[in-house]
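Observations on chain architecture
If you want the building blocks of each chain, they are given just below.
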Amino acid sequence: MASVKLRDIRKTFGQTEVLRGIDLEIEDREFVVFVGPSGCGKSTLLRLIAGLEEITAGDLLIDDVRVNDTPPDRRGLAMVFQSYALYPHMTVADNMGFSLRLAGAKKDERDRKVREAARVLQLEPLLDRKPRELSGGQRQRVAIGRAIVRNPKVFLFDEPLSNLDAGLRVQMRIEIARLHESLDVTMIYVTHDQVEAMTLADRIVVLRDGAIEQTGTPLDLYNHPRNIFVAEFIGSPRMNLLPVRVKTVSEGEVTVTLPDGGALALPIRSNSLKADEEVLLGIRPEHLRLSERGQLAGQVMVVERLGSETHLYIQTQRGEMLTLKAEGQSAARTHDRVRVEVKSEYSHLFDQAGGAIVNGL
Amino acid sequence: MTALTKTRRVNTLPLITPSVLVLLLWMVVPLAMTLWFSFQRYNLLNPQIKGFAGLENYKSLLADSALWTAMLNTLVLVASVLGVTVVLGTMLAVLFNQEFFGRGVARLLIIAPFFVMPTVSALVWKNMLLHPVNGLVAFLTRSLGFEAVDWLGNWPMTSIVMIVSWQWLPFALLILLTAIQSLDHEQMEAARMDGAGPIAMFRFIILPHLKRAISVVVMIETIFFLSVFAEILVTTSGGPGLATTNLAFLIYIRALLQYDVGAASAGGVIAIVLANIVAFFLVRTIARSLEEG
Amino acid sequence: MIKRSFYKKLILTLVAWIAATVMFFPVFWMMVASFKTEIDAVATPPMIVFNPTLENYATVQQRANYINAAINSVAISVGATLLALALAIPAAYAMAFFPTRRTRSTLLWMLSTKMLPPVGVLVPIYLLFRDIDLIDTKTGLIIIYALMNLPIMVWLLYTFFKEVPKDILEAGRIDGASRRQELFYLLAPLSLPGIASTALLSIILCWNEAFWSLNLTTSDAAPLTAFISSFSAPEGLFWAKLSAASTLAIAPILLFGWMSQRQLVRGLTFGAVK
């Protein structure tokens, strides 16, 4: 069992409170990703769990044991650093076996465990090389191998893929996912890249300014963002946000007036919305469609053709910019005047404070 | 080469030549003269007696027990100060790499000795501290109930080693501290996660990283320590007897006090040869760092 | 509850400050002595509480030979620095921006000239200076110091010039800067800190040099190093004044040294440790 529980965790650096009350329960064998913009505190949170920084207030429990004061190497964790942090003067084998050596393990046992980890990561031919002779991807695998050897209860990853080029990043992502599958341990992963978060996580924790904005499975966050920040952070290109006015509220349905006058009925049940209230309509680019019957009118300003999809940047008559993601190779061209249809069943409403208007509220 | 850099090709020769020429002269001329003089019989007290002496100067120098005493003293001085500065320097560098209160000011204080001119250092130590009657150290030892020690009289070499170490410890400290600070933080954190306590950290992570810096410190210090002069001149003048006469001081005595140009030049050649041996290794290390950096 | 890390910091502070105090103490004690009267200065047991006085500083400043020595130190240090800079800057510039196959060996050769023990050439230099009347002249020392420090300065400037970002110069060229404009408007401001540090280091090395200054001067051109060494016979009645003179002699260099720590490391290790 390797659960991690954070209860009202706070961290202050000097005068600045960097983490403001984090409550989180990570279950055994879960792959949890901390994601958020730079400065949101995700790396700090990871380092608190690792024991590299002291927790100012709150409790950290690993397997229901409070570990606030336990030194990093006794918490049953292993960490993969952003820069890999390999020991440059030691061979790959020595790098991987260092923790065992410090713990006093005999040479045979050390060699056995190192070999095992090397086999999992296909590092066997590199065991006698020094880090400077390895490529970026190989170094990364050595860093992971170093962590595996310790047989930890929880793996910590601190933005491990940021130093790799795009192609390698995809490859390593798959390897990490397969690793999670085969090792079956709890993994906590920090990244600023929402694609990594979406593809790897069992659950995502979105952080902003030292607090959790929302926790949930990737699709949870995609389909039911709790506020504008999460809605815009997850999904690429970003969700479109249009200022609209509530027209009527009835059983199971809210009708809003669009900026250029048209009306749109949304299948949202709300008890608190009133007519004439100003709210924000959120709709993802992939849920807009070019159609004669579209509710919004505008002109195409920029076309991005990626082959598999096309991004259209459309300016409405009122001056708002809409992003539309069309499948395949759209026939639309710059300066075309188009009508855009909003798929109402995928729409979101957000109040002026930025919170989502969820069914029932 | 792009078109841009081509049009900017400068004739670098006139820029570099003055420096090279001047250094060449500075090296070649005096060196050649020293070599020449070492084969001459030339004493300034009797300038009429001149002539080719062959290897006589060298023979008599090598037979002179004073030379061997001086070489031994040089060796003892260099080795002792190296030992003190490198060992203490490493320890202090590790210490000053940590955060503590008032680190900035403490650092200024601890490196101060290096910037004090050698003659002032020597005088301060001689009169204020080590003086058996008025010195502070004598006062302290007397207060503890022991007799005052005549440092410069009875322990001359130890005193010189103390003075030179005091002056050069900051040098070792600064260089080793700079080297430690270039150690990747994440590496140390990875070691912490691997279970390294302070001793393991020092032994397996910090010390290997410092290897290059320590060797540079050793080589540069050796080159300077071979020529320690002012401290000896001001405190013991090589004495008592020859107890603190190193090679540099011996040559000085021969040249400017006894006016024996021939012998002094022979001694000078020996000093140059010694220095060159160390220099060879230093240049190789620097060359390697040029490539990497 | 006081955290464990606070205790650790406290102990570190104690140990480090003990080391720092021990190392600085001789300097401190000398400075204290400069404010004592002569009698207080040599009192046994040493006086910790005393009536401070500025009389020593007043006397020292009136002593003609002290003033002469101070002027000499300044003149020699500045002169040698300027001379060395005049030679080193073009050389370092050429080697940093227009490297050839020879550059590396030239730099290493310059380095090796610094390895020459001064005592090895004491005899010829002394005789040479005597014959061309440079003994006991500022000019003589300026020349020697410039030559001695030239290798270090070329190296230091070389590393500084190499750090000037190339793209900035290239942007200047695309903007149409001529070579002169490039030197004046771009290179000079960017490398000025480096040149200043190098100059500072040179001044420190010249000011503290204690071999040639002791052997090639007698009275006229004696800088402060020689002036102070002439008091090596312990005559207690002079001690307070000597301390004042010494304090004045070392104070500027202490300040310079504190300011230029980083360059010192770079310069004295020829860039092997940055």
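The next subject is the interface of chain A and chain B. Across the contact, 15 residues belong to chain A and 13 residues belong to chain B. Counting residues per element, the ones that place at least two in the side of chain A that touches chain B are strand 6 (77-80) and helix 2 (92-102) of chain A. When residues of the side of chain A that touches chain B are assigned to their parent elements, the largest contribution, three residues, is made by helix 2 of chain A. The residue inventory of the side of chain A that touches chain B, partitioned by class, reads eleven nonpolar, three polar and one charged.

Right, let's talk about the sheet that holds strand 1 (residues 4-13) of chain A for a bit. Adjacent strands of a sheet pair through backbone hydrogen bonds, lying either parallel or antiparallel. All names here are of chain A. With antiparallel pairing, the four strands of this open sheet are ordered in space as 2-1-4-5. Of all strands in the sheet, those bounded by a partner on one side alone are strand 2 (16-26) and strand 5 (65-66). Looking at chain direction, strand 1 and strand 4 (residues 57-62) are connected through five bridges and run antiparallel. Along strand 4, the bridge assignment pairs Leu6 with Leu60.

Quick look at the sheet that holds strand 12 (residues 253-257) of chain A now. All names here are of chain A. Taken together, the five strands give an open sheet; going across it, the order is 13-12-11-14-20, and neighbouring strands pair in antiparallel fashion. The open sheet has two free edges, formed respectively by strand 13 (263-266) and strand 20 (348-350), since each of these has just one partner strand. Taking the axes of each pair of neighbouring strands and ignoring which way they run, one obtains an average angle of 45° across the sheet. Relative to strand 13, strand 12 runs antiparallel, the two sharing four bridges. Its bridge partner being in strand 13, Val254 is matched across the sheet by Leu266.

Turning next to the packing of helix 6 (residues 118-129) of chain B against helix 1 (residues 4-33) of chain C. Interhelical geometry of helix 6 of chain B versus helix 1 of chain C gives an angle of 70° and a closest axis separation of 10 Å. Our classification of the angle between helix 6 of chain B and helix 1 of chain C gives roughly perpendicular. Facing helix 6 of chain B, whose interface residues are Val124(B), Trp125(B), Met128(B) and Leu129(B), helix 1 of chain C presents Pro26(C), Trp29(C), Met30(C) and Ala33(C). Residues of the contact of helix 6 of chain B with helix 1 of chain C, tallied by class, amount to eight nonpolar, no polar and no charged.

Domain annotation of chain C identifies domain 1 (4-33) and domain 2 (66-268). Put simply, the middle of domain 1 of chain C and the middle of domain 2 of chain C, counted by C-alpha atoms, are 32 Å apart.

Right, let's get into the confidence of the model for chain C. The predicted model of chain C averages 85 in pLDDT, with 96% of residues at 70 or higher. Confidence estimates for the predicted assembly give a pTM of 0.80 and an ipTM of 0.85.

Residue and element names in this part refer to chain A. Where strand 3 (residues 31-35) meets strand 9 (residues 203-208), four bridges bridge the pair, whose relative direction is parallel. Paired with Val35 across the two strands is Val206, which belongs to strand 9. The pairing of strand 9 with strand 10 (residues 211-216) spans five bridges and is classified as antiparallel. Its bridge partner being in strand 10, Ile204 is matched across the sheet by Gly216. Linking strand 9 to strand 10, which pair antiparallel, is a turn of two residues; within it Asp209 sits at a positive phi near 50°.

On to helix 9 (residues 156-181) of chain B. All names here are of chain B. For helix 9, with 26 residues, the first-to-last C-alpha span of 37 Å sits near the 38 Å given by 1.5 Å per residue. Remark: the principal bend of helix 9, roughly 35°, maps to Trp168, with a proline, Pro170, within the next four residues. Burial runs high along helix 9: 19 of the 26 residues are buried.

Cut-offs applied
- Residues numbered from 1 in each chain as written.
- Chains lettered and ligands numbered in written order.
- Predicted model: local features only at pLDDT ≥ 70, side-chain atom pairs only at ≥ 80, totals over all residues.
- Contact = placed C-beta atoms within 7 Å.
- Helix = DSSP H or I, 4+ residues; strand = E, 2+ residues; numbered from the N terminus.
- Nonpolar A, V, L, I, M, F, W, Y, C, P; charged D, E, K, R; others polar.
- Pairing = 2+ DSSP bridges.
- Axes fitted to C-alpha atoms, helices over the stretch in contact; angles between N-to-C directions.
- Parallel < 35°, antiparallel > 145°, perpendicular 65-115°, else oblique.
- Domains from an automatic or database assignment.
- pLDDT = per-residue confidence, 0-100.
- Expected span 1.5 Å × (residues − 1).
- Bend = angle between axes of the 7 residues up to and from the residue.
- Buried ≥ 20, exposed ≤ 12 C-beta atoms within 10 Å, placed from the backbone.

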